[in-house]
Structures are given as C-alpha cells and as structure tokens.
Amino acid sequence: MTGAMLAQRGFLLPWVPVFLGVGIGIWFSLPVEPGAAFYAAAAAATIGLGFAGRRAGEAWAPLVWALSLVLAGSLLAGLRAHSVAAPVLGFRYYGAIEGRVVDIDRSASDAPRLTLDRVVMEDMSPARTPALVRVSLHGDQDYVALEPGLTVILTGHLSPPNGPVEPGGFDFRRLAWFDRLGAVGYVTTPVLALIPARDGQAGLQVFRLRMAFSAWLQRRIAGQAGALAAAILAGDRSGLDRPTIDTLRNSNLAHLLAISGLHMGLLTGVVFATLRAGMALIPWLALRFPIKKIAALGALTVGAGYLALSGGSVSTQRAFVMIAVMFGAVLLEKRAVSLRSVAIAALLLLLFRPEALLGAGFQMSFAATTALVAAFGWLRDRREGLPQPPRWLAPVLAVVISSAVAGAATAPFSAAHFNRLADYGLLANLLSVPVMGAVVMPAAVATALLWPFGLAGIGLWVLQLGLDWILTVAARVAAIEGAVSHVPAPGPAVLPAIAAGFLVVILWQGRWRWLGVLGILAGLALWPMAERPAGLIADTGGLVGVLGPEGRALSKPRGDSYAALAWLENDGDGADQEVAFARPGFSGEKGDLRASLGGVTLRVLGGRGVRTRLGATCGPEIVVMSQPPDRRPDGPCVIFDPEALRKTGAVALFNGPEALRIVTVAERAGQRLWTSRQR
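Residues numbered from 1 in each chain as written. Predicted model: local features only at pLDDT ≥ 70, side-chain atom pairs only at ≥ 80, totals over all residues. Heavy atoms only, no water.

Peer 1: How should the overall build of the protein be read in this particular structure?
Peer 2: Helix and strand counts for the protein stand at 24 helices and 18 strands. For 679 residues, the compact-globule estimate of 2.2 N^0.38 gives 26 Å, and the protein sits close to it at 27 Å. Projecting the C-alpha coordinates of the protein onto the three principal axes gives extents of approximately 95 × 70 × 55 Å. Taking all 679 residues of the protein together, 45% fall into the buried category. Partitioning the contacts of the protein with sequence separation of at least 6, the portion at a separation of at least 24 is 64%. (Helix = DSSP H or I, 4+ residues; strand = E, 2+ residues; numbered from the N terminus. Rg over C-alpha atoms; globule rule 2.2 N^0.38 Å. Buried < 20%, exposed > 50% of the residue type's maximum accessible area, 1.4 Å probe, protein only. Contact = heavy atoms within 4.5 Å.)

Peer 1: Is there a simple way to explain helix 20 (residues 561-570) in this structure?
Peer 2: Owing to its 3.6 residues per turn, the α-helix aligns residues three or four sequence positions apart on the same side. Looking at helix 20, one finds that the buried residues are Ala-563, Ala-564, Ala-566, Trp-567, Leu-568 and Asn-570. Where helix 20 is buried, its residues meet strand 9 (535-537), strand 10 (544-548), strand 11 (551-554) and helix 21 (577-581). Phi turns positive, to about 75°, at Gly-572, one or two residues after helix 20.

Peer 1: Explanation requested: the pattern of salt bridges in the structure shown.
Peer 2: Opposite charge on two side chains makes pairing possible when the charged atoms of those side chains draw close. Inspection of every chain in the model, using the stated rule, returns 18 salt bridges. One continuous salt-bridge network, built from bridges that share partners, spans Arg-80, Asp-179, Arg-353 and Glu-355. (Salt bridge = Lys/Arg side-chain N within 4 Å of Asp/Glu carboxyl O.)

Peer 1: What exactly am I supposed to notice about the environment of Gly-519 here?
Peer 2: Mapped onto the secondary structure, Gly-519 falls in helix 19 (residues 516-526). C-alpha of Gly-519 to C-alpha of Leu-393: the two residues are 126 residues apart in sequence and 36 Å apart in space. Apart from the residues within four sequence positions on either side, Gly-519 is in contact with Ala-497, Ile-498 and Gly-501.

Peer 1: Help me out: how do you make sense of the sheet that holds strand 16 (residues 638-640) in this one?
Peer 2: To summarise the sheet geometry, strands pair through backbone hydrogen bonds and adopt either a parallel or an antiparallel arrangement. With mixed pairing, the 5 strands of this open sheet are ordered in space as 12-13-14-15-16. Taken across any chain shown, the strands that pair with only one partner, and hence form the sheet edges, are strand 12 (587-589) and strand 16. Sheet twist, expressed as the average angle between the axes of neighbouring strands with direction ignored, equals 15°. Both strand 13 (residues 592-597) and strand 14 (residues 600-605) contribute to a ladder of 6 bridges, which runs antiparallel. Along strand 14, the bridge assignment pairs Leu-597 with Val-600. (Pairing = 2+ DSSP bridges. Axes fitted to C-alpha atoms, helices over the stretch in contact; angles between N-to-C directions.)

Peer 1: Would you explain the packing of helix 8 (residues 242-250) against helix 17 (residues 456-478) in this entry?
Peer 2: Each packed pair of helices is defined by two parameters, the angle between the axes and the distance between the axes. The interhelical angle for the contact between helix 8 and helix 17, taken along N-to-C directions, is 70°, at an axis separation of 8 Å. The pairing of helix 8 with helix 17 is recorded here as roughly perpendicular in orientation. Note on element contacts: helix 17 touches helix 8 through Leu-471, Ala-474, Ala-475 and Ala-478, opposite Thr-244, Thr-247, Leu-248 and Asn-250. Each residue belonging to the contact of helix 8 with helix 17 can be placed in one class, and the counts come to 5 nonpolar, 3 polar and no charged. (Parallel < 35°, antiparallel > 145°, perpendicular 65-115°, else oblique. Nonpolar A, V, L, I, M, F, W, Y, C, P; charged D, E, K, R; others polar.)

Peer 1: Is there a simple way to think about the packing of aromatic side chains in this case?
Peer 2: How two aromatic rings sit relative to each other is set out by the distance from centre to centre and by the angle between their planes. On inspection of all chains with the given rule, the structure shows 12 aromatic pairs. Centroid distance Trp-15 to Phe-19: 5.9 Å. Interplanar angle 35°. Geometry classified as tilted. With Trp-15 and Phe-19 both in helix 2 (residues 15-29), this residue pair falls 4 residues apart, about one helical turn. Measuring from centroid to centroid gives 4.7 Å for Phe-362 and Phe-366, while their planes differ by 45°, and the two rings are tilted. Of the two residues, Phe-362 and Phe-366 are both situated in helix 14 (residues 360-381); the distance of 4 residues between them amounts to about one turn of the helix. (Phe/Tyr/Trp six-rings, centres within 6.5 Å; stacked < 30°, edge-to-face > 60°.)

Peer 1: What should I look at first to understand the pairing of strand 5 (residues 181-187) in this one?
Peer 2: It is a general feature of regular strands that their side chains alternate between the two faces of the sheet. A large share of strand 5 lies buried, amounting to 6 of its 7 residues. Bridging between strand 3 (residues 132-137) and strand 5 involves 6 bridges; their strand directions are parallel. Directly across from Ser-136, in strand 5, lies its bridge partner Tyr-186.

Peer 1: Can you walk me through the side chain of Arg-672 in this structure?
Peer 2: In this structure, Arg-672 sits in the segment after helix 24 (665-669). Classification of Arg-672 by relative accessible area gives buried; the value is 3%. Looking at Arg-672, its side chain comes within polar contact range of the main-chain oxygen of Trp-27, at 3.0 Å. Apart from the residues within four sequence positions on either side, Arg-672 is in contact with Trp-27, Phe-28, Ser-29, Leu-30, Pro-31, Val-32, Glu-33 and Pro-34. (Polar contact = N/O pair within 3.5 Å; in protein donor to acceptor, adjacent residues only side chain to side chain.)

Peer 1: Honestly, the sheet that holds strand 18 (residues 660-664) in this entry has me stumped. Any pointers?
Peer 2: Read from one edge to the other, the open sheet built from 5 strands follows the order 11-10-9-17-18, with strand pairing classed as antiparallel. A single partner strand is all that each edge strand has here, and the edge strands are strand 11 and strand 18. Geometrically, the sheet is characterised by an average inter-axis angle of 20° between neighbouring strands, direction not taken into account. Sheet analysis places strand 17 (residues 651-655) next to strand 18, joined by 5 bridges and oriented antiparallel. Residue pairing in the sheet places Phe-654 in a bridge with Arg-661 of strand 18. Helix-sheet contacts for helix 20 involve strand 9, strand 10 and strand 11, and the interaxial angle to strand 11 is about 165°.

Peer 1: I would appreciate a short explanation of the nonpolar core in the present structure.
Peer 2: In globular proteins that are soluble, nonpolar side chains generally tend to be buried together. Grouped together as the largest cluster of nonpolar side chains are 52 residues, with contacts concentrated most on Leu-228, Ile-232, Met-441, Leu-463 and Leu-467. Of all the secondary-structure elements, those providing two or more residues to this core are helix 6 (205-220), helix 7 (223-234), helix 8, helix 9 (261-280), helix 11 (291-309), helix 12 (314-331), helix 16 (425-450) and helix 17. Look past the residues within four positions of Met-441 in its chain and what remains in contact with it is Ile-232, Leu-233, His-263, Leu-266, Leu-267, Val-270, Tyr-306 and Met-436. Core analysis: the second largest hydrophobic core is formed by 27 residues, Leu-20, Ala-81, Trp-177 and Met-322 among them. (Core = buried A, V, L, I, M, F, W, Y, C linked by side-chain atoms within 4.5 Å.)

Peer 1: I would appreciate a short explanation of the packing of helix 3 (residues 36-53) against helix 4 (residues 61-83) in the present structure.
Peer 2: Running from N to C, helix 3 and helix 4 cross one another at 150°; their axes reach a closest spacing of 8 Å. Of the possible angle classes, the one that applies to helix 3 and helix 4 is roughly antiparallel. Between helix 3 and helix 4 lies a crossing of left-handed hand. Side by side, helix 3 and helix 4 meet where Phe-38, Tyr-39, Ala-42, Ala-43, Ala-45, Thr-46, Leu-49, Gly-50, Ala-52 and Gly-53 of the first sit next to Ala-61, Val-64, Trp-65, Leu-67, Ser-68, Leu-71, Ala-72, Ser-74, Leu-75, Gly-78 and His-82 of the second. For the contact of helix 3 with helix 4, a count of residues per class yields 14 nonpolar, 7 polar and no charged. (Left-handed = near helix turned anticlockwise from the far one by under 90°.)

Listed below in structure tokens is the structure:
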C-alpha cells in the first residue's frame, strides 16, 4: 500500500477538488442544518489535520490532507449557504408588487417571465420582503415595453419556491436559496411601468446591452435560427419555442443552448488562431514579440467579454474559468490542456460556488472535459505505437473520438438528471459540432469585425446557414423512430458510485486504477434496482398517481402538469398526462376515485361537496382531499388534505412486506436552511 501511495507523487493536484467536493456533498446530504458547534469542530479538525499531514510521512500525508479537504468542503458549503441568506416568503400572497426588472426569460410553459429586485410588497416589512421574486406573465401584456432596469408595478400571485414533487426529487427550494430567490408566481393583469429604466441603470448596463444584441440578432436572422443565435451568442433563450427546445433535447443537441466550454472554447480558439496567424504574416512583429502570448491575451479578453455579454450564467462562468486556466498556461509556457488545468478550474468553481457541484451542468461539463483530456493524453503518449491516419482524416477522427468520449462520459449524468437518452445523439453531434466550430463561431467573429464597416450582413448570412443546418439536423434526428430512450430515476448511491469509479480510473496511478471499473459497474447495477413509489400524492392534493402494469395511472388529465411530467419521467415513462390518465388504475366516479395499493384503498376526493362525501366513519384507507373535512371521521384512515400536505409536502407510498410505507418530502428533505419558511 505504501508503494501505491508513493506512486501518486506529482499527480495529487487533481484529487484536491475531488475531496473538496466529497465534503460539499456530505454537507448537502445532512438531514439537519449543522450548528455553530459543528463548524467550530470542523474548522479545528481541518487545521489540525493540515498540520498533522506535514508529519505523517510522504506515503500517508495525502490521506490525512484528503480528510482535511473533506472537512474544508463542508465548511465551505456552510459558509456559502449562510452568506446568501435572504427572506423567503412563507405564505401565499396576492396583491401589489413593485420591483426592478433584472432578468427576462421564459417559463417552462413558454410564458414571458420577469425576475425583480428592489421588491416592495403590500403590508410587508422590508425585513421580510424577498430580495428577488420571479413572475410569469399571462394574458395581454402589450401595454409596456419590458426592458432591463425598468421598475414595474403589478398585481400578482406569489408563493414560496416549490419543494420536490416527490420525496428525494429535485428540490427547487435549494436552488432558489442560493439564487436568493424568495418567491415565485404569476400575473394575469397588465404589468405597468412605474420608473423608466434610465433611473435604475446601476449594474444593468451589460444586461441591457445583451438584450439589445439579442433583439438585433433576431431582427436580422429570421425564425428559430435567429432565436438560436440569440441563445448561443447572447444567452437569451426567450425566443426559442417549446417544439424547438424539445427537438434539440431529443437529438442530444440541447447542450448547444447552454453557453459552456464548447462555445467559449470555439470562440476563443477562433480568435486565438486568427490573431496568431495575422501577426505571423507580419515578419517584423513576429520576430520581435511573443505573438503566441499576445494572441492568448486577446482570446482571453474576448472570452471575458463573451462572459459578460452572455449573461454570466453558472455554465458560462465555469467555461470561462477553464479557458482562463488554459490561456494562463500558455502565458506561463506550460501545457495548456491537462488534468491539472481541469482540476484548477474545478477547484476555483467549488471555492466560489460550492452548490454548483449538485448541478447537471457542473457534473456533465467536468465529466466530459476530464474524459477528453485523459483520452487524448493517452493517444498522445502512444502515438508512435498506433497507426497514423492520413493528415486529411485526422480532424474527422478527432471529432468522432471527442464526440464519442464526451457522450459516453456524460451519458450517466444526463440520464440521471433528465431521464432520457438520445440514441442517435452521436450522429447529431457529428453532423452539428463541426459546423459550430467551422461555420457558426467564425461567422460570429466575422460579423463583429465587419460590423464597423457596415458589412455585418455577410457574417450574419453565413451564421444563418450554419444555424439552419443545426436545426435541420436536430429535426431529422429527433424524428427517427426510437430516437429517445426513457430512463428511470436512479437511487441516491448510483451517481456517486459511477463518479468515484470514473475518477479512480482516470486519476489513480498504477494497476489499482482498474478497481474503479468496479465502482462504475456497481453504480450501473444499482440503477435498475431503484424502487419507484406505488403511489404518489402531489403537494397540492390535486393529483395522485398509482403504478400499474401499463405504467403510472394519473387521477386527472390536466392540472398539476409539472408534477405529472416529473413523475412519469422519473418512472422512465415517455407518456404524457392525458395518456397516463386513460390507463387502468383508478375506479369509481369523478370526484371519488379509488385504487388499491398493497391491500389498502387509496381514495381521491375532489370537486363540490368533497367535505360531506367522506362520511362520518372511514376504514383502513388513505384519503386524499382537495379541501379539509368538516370534522375528523372515526376510523383508522390517514387523511392528506391541503393543510396536512403543506406540512408534509408531496407523499410517496411504497409497498412493504407487511404494510404500506408512507414517505414524505418533509421527512426526506430534513431541516435545512431552504426547507424552513418564514411565517
């Protein structure tokens, strides 16, 4: 064992973000919010282990430091969570809302959506008013031209950020906590302008420029190609319609919508190559100045501008950090792309935004990047022992290998987060990613260079050709029969096991690295063993689903659509809500449906007269009611009405060996900062 540890010398840096991430993950999995005593003990232990590592000997010091990093990760996550604390609405609110527009996008239902700061709410003290609220706009909203910095007033419905639609599901409350988003809702009446945007410009100039750039692109490039250009170049997806987004997802091209490493790498790569080639054509300049470093600085500057112009999302920040590390290595005359540079990028992101660890973007981005660096590093080291392809074929092979490696590395994470696999995604990427690199990004750079001379139309014409091709490929691939495979949600141990095995295979030095394959296989073996609930109850009480031989049957064809879609996706079921409603599973009349679960009757009461329909007595059954009963009936029944569900959240029912097991969101989510609401 000592020899194996000594073999890791010189290869320890990539493990730093790994163990820091382990500590962050442990902190987020705690069932109860840690107190001051935990942080004091963890801080003392972190410092103590850091000093102990210096005396532990060369072989064992890394293990001591690894434990210190785990504790430091927990401290880091706790510090970040407390530093972003902001008021969260604790009740349903209807009334006047005033705020300044700081973001404009679209909701999942395709409605325009505003994020407001400087919020003022009726009869609400500033200390209890959320820092940010987000409202979807319904109805006729043509009375005011919405723009960044505009202070608006509206009458709307607000509620706290929603919890998971089932125990163990995605918790939007946690995401909202770290975004300081204290309430979400909707408005059906017109939004009115209160203070012009020029009176609230501080900090919004870049946002205003971004939206103006997006509007310009969509005016000059017609249709969904213009909307895709705005998404790729300005980070504004509001022009993309739902069918286009679904098509991109089903063809595994949705990653093109997130401004990530691909976009940042292609853009800065084009700029770097153009600057370096241009300076190389001037002998006086090339012989007297380090043109490679000058080109790297220029590309880095353009990357920073792209980061600001595109909105600075988490994925874009992650991409810029990785690009900055790469060009920093060029400036320092080090290898630009290596596992060390990937580790430094991951470390910086975790230090500033530890919550990013739980996001699909972070996991997929670093899985793809780590796998690509490792794969091409392996090919580079064995170049002499491998057959060499013709020079003209090398770029094609590079695209094929990179698409296959990145697709394989991200597939488990994509399937776990989105419950689908695009079976022909490799084909779509092979046909589209080269166009992004060879046409779209160079055309974007050309447009910027030609714009001062009034010739931007030339670059935009080429840009539209490339985007039309990508949309055509997405549509054709998504239309292939069997293009999408639906995957059930994995258990909580699956992704950690796969990620741990993946990292051991790539980062460990020596033959023991192949033990990581066992972790990957264990994760894949555990995936189909995850138990899905026999019954599910939405936190509103308005929707119930029971699992049958044909899939999950739902209690109604419309309403609570977000929960319905999430349940079906987590089941690995591609049906829509109306199809699931038509499945066998419930009997009885509308307003009084019944289903049998493990010998227990599940009864769903709704509609008018629901309070009297329950009766004075009830048997051993579970009753879901859209309104609370007038009085508690006699008998052993368990009642979930709106008041009870506000405390428990969504409910899952599992078949047990002796009795039906009831699990609630409140039990599974625990007592954390984001699960408690102000009253």
